[in-house]
Every structure is written in structure tokens, then in C-alpha cells.
Amino acid sequence: MPLIPYPLIRPFLFGFDAEHAHELTLASIARLQNTPAQCLWAQARISDPVTVAGLKFPNRIGLAAGLDKNGRCIDGLGAMGFGFIEVGTVTPKAQPGNDKPRMFRLPAADALINRLGFNNEGLASFVANVRRARSFRAGGGLVGLNIGKNAATPIENAADDYLIGLEGVFPHADYITVNISSPNTKNLRALQSDEALDALLSRLQERKLALEAATGGTRKVPMFVKIAPDLDEEQVSVIAATLKANGIDGVIATNTTISREAVQGQPHADEAGGLSGRPVFEASNRVIRLLRAALGVGYPIIGVGGVLSGADARAKLSAGADLVQLYTGLIYKGPGLVSDCARAMAGAR
Ligand SMILES: Cc1cc2nc3c(=O)[nH]c(=O)nc-3n(C[C@H](O)[C@H](O)[C@H](O)COP(=O)(O)O)c2cc1C
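Residues numbered from 1 in each chain as written. Predicted model: local features only at pLDDT ≥ 70, side-chain atom pairs only at ≥ 80, totals over all residues. Heavy atoms only, no water.

## What about the overall build of the protein chain?
To keep things clear, this is the line we draw: Numbering of helices and strands starts at the N terminus; helices are DSSP runs of H or I of at least 4 residues and strands are runs of E of at least 2. Radius of gyration here uses only the C-alpha atoms, and the compact-globule reference equals 2.2 Å multiplied by the residue count raised to the power 0.38. Burial status follows relative accessibility: with a 1.4 Å probe on protein chains alone, a residue under 20% of its type maximum counts as buried, one over 50% as exposed, and anything between as partly exposed. Note on contacts: a residue pair is in contact if any heavy atoms of the two residues lie within 4.5 Å. Under the convention used here, a 1.4 Å probe and the Shrake-Rupley method define accessible areas, while residue burial counts only the protein chains that appear.
Looking only at helices and strands, the protein chain has twelve helices and 13 strands in total. On C-alpha atoms alone, the protein chain measures out to a radius of gyration of 18 Å, which is about the 20 Å that the 2.2 N^0.38 rule sets for 349 residues. For the protein chain, with 349 residues in total, the buried portion stands at 58%. Put simply, 73% of the contacts in the protein chain that link residues at least 6 apart link residues at least 24 apart. Put simply, the protein chain shows about 13,900 Å² of open surface, and 54% of that area lies on carbon and sulfur atoms.

Below you can see the structure in the form of C-alpha cells.
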């Protein structure tokens, strides 16, 4: 158990606007990680080793991308008991993101809406931060590095940004995630459609194989693609076929949703951006089920979206996921959710 119970912390944090609370928390973790004060939020990691995409994960629960966009809190966040931490989305150049306010809580729905727009310090600073992380990796935790494109890069040149990202993160990643599903970068999600996806993934895969070959085959880095929940059955099946055809190692389902059906009438429901948390749980499970049906047994699927309890995490496994990530659940439930999920999934499949 963390030294400070989250029910005492949450009202304090919820007294600030959502992004301010986020910054305060990350700044505190960045400062206190790897010091004795880490016991304020640290918990023992539940051991449930599982091999997915050739990687040995210490357990099945991971932190989803976007909470630590600059990769500066890997050790502190890892100490919450995660088996893996995904950081980013990083873009080649630093960029400020959209105007504030751009992050909103919908507490009645255990949800958030964000339109941050890949605010981050850029690839060089990201890689330096990732290289500084020590204790989480030393203890067997895995780190995924999530790449995207700058807002100013025209969508026709998106592949150039992803290739820069791939080259930059390759030496430092346990796995790489290609994020083509944020609703907050103009036209980004169009990269999920047939020819655009095929063209992007074939270039990325070719470069990744070249990078692996340049290590003399000593270093293999699985590459995953992260997709949206707002896709119909036909779109999911085309994506599944394209992933397989290009030899992509796995898929992360899903990002936030642009649908507002589940939160209609609630304060902030009409804010533009991606909705996360409980309202995306079913939509993400639906995509996971479709992916598993299309991809068959054995193809790595990481399920994410609306996990707020151990039972939710198990439901992702039942839908077809091999591993599970969370973000919004951590804001509403605190670090205890990490061990709840790890425990609920231990030995489940
Ligand atoms: C504030 C916020 C920022 C996010 N930023 C990113 C991001 O930079 N890259 C990414 O791939 N996903 C990002 N996500 C999506 C999450 O990783 C996750 O896919 C989504 O929120 C659904 O999971 P959840 O319901 O557990 O939050 C973000 C989510 C939130 C709430």
C-alpha cells in the first residue's frame, strides 16, 4: 500500500484544474522518484510474468501513453507496480500543443476530455530523459516509446516525422508505438485508412528492419500501432490485414473517442477533443474483439480504454487482449488500481 491513501490526495488534486493537477503531480514525481520519498506512492509489483511479442513483461498492466509525454517520470510511475510504462507521444520537434484550457474532468462518468495536441519537449529531450531512467528497467520493467508527428508537418509528409521518431527512439525502446489515432492533430486519424496506412507502415517497417539489421541482429524492437475506437467493422478488418501484411508486431486498442453519446448533457461534454475513461470501455472492447477475430490467436493485442477496476482489466483479456494499459483510471482511482488490475489478471489466461 502507498503511504498516502489516494482518497486523501484526490480532493486536493481535484481542487485544481485538470492540467494544473497533472503538472503538479508529475513535477512532484519527477523530483521525488528514486528517493526515500517514493514510498509515498510506491507499491510492490505483482509478479505475473508473460511473454508477448518476444518481450518478457513482469505483469500484464501498463501505463498508457500521454501521461508522461516527455518520459521524465519512468522510475517514479513504474514504482506504482506497473509491468510496463509507455511514454510519449513524442514529436521530432518540441511543440506547445493547443491553447489552454484543454483538459477537462467529467467526474460523474469517471472520464476526461483532452485536446492537448501532443504538447511535448521534442525528441532530443525525450531520449535524454528515457536514458536517465534506471530503477524501473533494472527491476525488469519494460518501456514503450510512442511516436507521432508535429502539427506543422503536412499530413502528406507524416511518414518523414515518424521515421525521424523511429530512428531516434529505436536504440532506447523495449517497444515502439506508432500513434495514428489521436483526435487532436489535424488529419492524423486519416493515416488509419487503407492506402495511407499501408504506405506509412511499409516505410516504417522497412526502416525498422534496417535498424535491426545494423545491430547485427542483436537487437529486436517490436513495433505496435495504436488505433482509435471510432472505427467500423470493415475499417478494423482492413487495418488488421494491413498490420499483418506489413509484419507489424502488435496493435494497441484503443485511443480516446470522439463520440459523446455516453456523456451527453454532462458538464464539459461538448468540449472538443478525445474522451477517455469509463465511456470508452465498451467501445474499446468492441474493437479488441473485432481485432482478435480478424488477427487470430497469438497476435499481440494491448487493450486500453476505461479500465477502472480489476474486473475491467480482466474483461479486456476476455475480449482478446494479451496486456492492458490504463490512464484515466489512475486519475480517478489512484495507484492502488495498478495492483488491483495486476492481481485480477494474474494467471487469468
Ligand atoms: C490527457 C490525455 C492525454 C493523452 N495523450 C496521449 C498521447 O500523447 N499519445 C497516445 O497514444 N495516447 C494518448 N492518450 C490516450 C491514452 O493513452 C488512452 O489510449 C486513452 O485515454 C484510453 O485509456 P483510458 O480510458 O484508460 O484513459 C491520452 C489520454 C489522455 C486522457
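From this point, the narrative continues.
## Topic: the pattern of salt bridges
What counts here: The rule for a salt bridge is simple: a side-chain nitrogen of Lys or Arg has to be within 4 Å of a carboxyl oxygen of Asp or Glu.
Across all of its chains, the model carries 13 salt bridges by this definition. Between Arg 137 and Asp 174 there is a salt bridge, with its nearest N and O atoms 3.2 Å apart. Of this pair, Arg 137 sits in helix 5 (residues 135-138) while Asp 174 sits in the loop between helix 6 (158-169) and strand 8 (175-179), and the two are 37 residues apart along the sequence. Of the residues examined, Arg 137 reaches a relative accessible area of 26% and is grouped as partly exposed. One salt bridge in this structure joins Lys 208 and Asp 249, with 3.2 Å as the shortest N-O distance. On the criterion of sequence distance, the pair formed by Lys 208 in helix 7 (residues 194-214) and Asp 249 in the loop between helix 8 (233-245) and strand 10 (250-253) is long-range, its members being 41 residues apart. Taking relative accessible area as the criterion, Lys 208 reaches 3% and is therefore assigned buried. Each member of the salt-bridge network shares a partner with another, and the members are Glu 19, Lys 100 and Arg 102.

## As for helix 12 (residues 336-345)
Given 3.6 residues to a turn, an α-helix orients residues that are three or four positions apart in the same direction. A large share of helix 12 lies buried, amounting to seven of its ten residues. If you check which residues of helix 12 are buried, you get Leu 337, Val 338, Ser 339, Cys 341, Ala 342, Ala 344 and Met 345. Positioned one or two residues after helix 12, Gly 347 has a phi angle of 70 degrees, which is positive.

## Description of the packing of aromatic side chains
Counted only if it meets this: Any pair of Phe, Tyr and Trp rings, taking the six-membered ring for Trp, is counted once the centres come within 6.5 Å. Such a pair is stacked with planes under 30 degrees apart, edge-to-face with planes over 60 apart, and tilted for the rest. By definition here, charges over rings are those cases where NZ of Lys or CZ of Arg is within 6 Å of the ring centre and within 35 degrees of the ring normal.
For the structure shown, the criterion picks out five aromatic pairs. Consider the rings of Phe 12 and Phe 16, whose centres lie 5.4 Å apart with planes at 80 degrees: the pair is edge-to-face. Here Phe 16 falls in the partly exposed class, since its relative accessible area comes to 26%. With a centroid separation of 5.0 Å and 80 degrees between ring planes, the pair formed by Phe 57 and Phe 84 is classed as edge-to-face. Placement of Phe 57 in strand 2 (residues 55-57) and of Phe 84 in strand 4 (residues 84-90) is noted, with a sequence separation of 27 residues between them. The two residues Phe 57 and Phe 84 agree in class, both being buried. Each residue in the set Phe 57, Phe 84, Tyr 175 and Phe 224 is aromatic and connected to the rest through ring pairs, giving one cluster. Over the ring of Phe 14 we find Arg 105, and its NZ or CZ is 4.3 Å from the ring centre. Arg 219 extends its terminal NZ or CZ atom over the ring of Phe 170, reaching a point 5.5 Å from the ring centre.

## Some thoughts on the nonpolar core
The test is simple: The definition of a nonpolar core used throughout is a set of buried Ala, Val, Leu, Ile, Met, Phe, Trp, Tyr and Cys residues joined through side-chain atoms within 4.5 Å.
Counting residues in each nonpolar core, the largest one holds 93 residues, and the members touching the most others are Tyr 162 and Leu 291. With six residues, helix 6 is the single largest residue contributor to this core. Not counting residues up to four positions away in its chain, the partners in contact with Leu 291 are Ile 227, Val 236, Ala 240, Val 251, Ala 253, Gly 296 and Ile 301. Grouped together as the second largest cluster of nonpolar side chains are eight residues, Leu 106, Ala 109, Ile 113 and Leu 275 included.

## What about the sheet that holds strand 7 (residues 142-147)?
Sheet strands line up and pair through hydrogen bonds in the backbone, either parallel or antiparallel. Selection rule: Paired strands are those between which DSSP finds at least two bridges. Fitted lines through C-alpha atoms give the axes, limited to the stretch in contact for helices. The angle between two N-to-C directions lies from 0 to 180 degrees.
The eight strands are arranged 3-4-7-8-9-10-12-13 in a closed barrel whose pairing can be described as parallel. The average angle at which neighbouring strand axes cross in this sheet is 25 degrees, direction not considered. When strand 3 (residues 61-63) meets strand 13 (residues 323-326), the two strands line up parallel, connected through three bridges. Paired with Ile 61 across the two strands is Val 324, which belongs to strand 13. Contacting strand 4 and strand 7, helix 4 (residues 123-132) runs over the sheet at an angle of about 165 degrees to strand 4.

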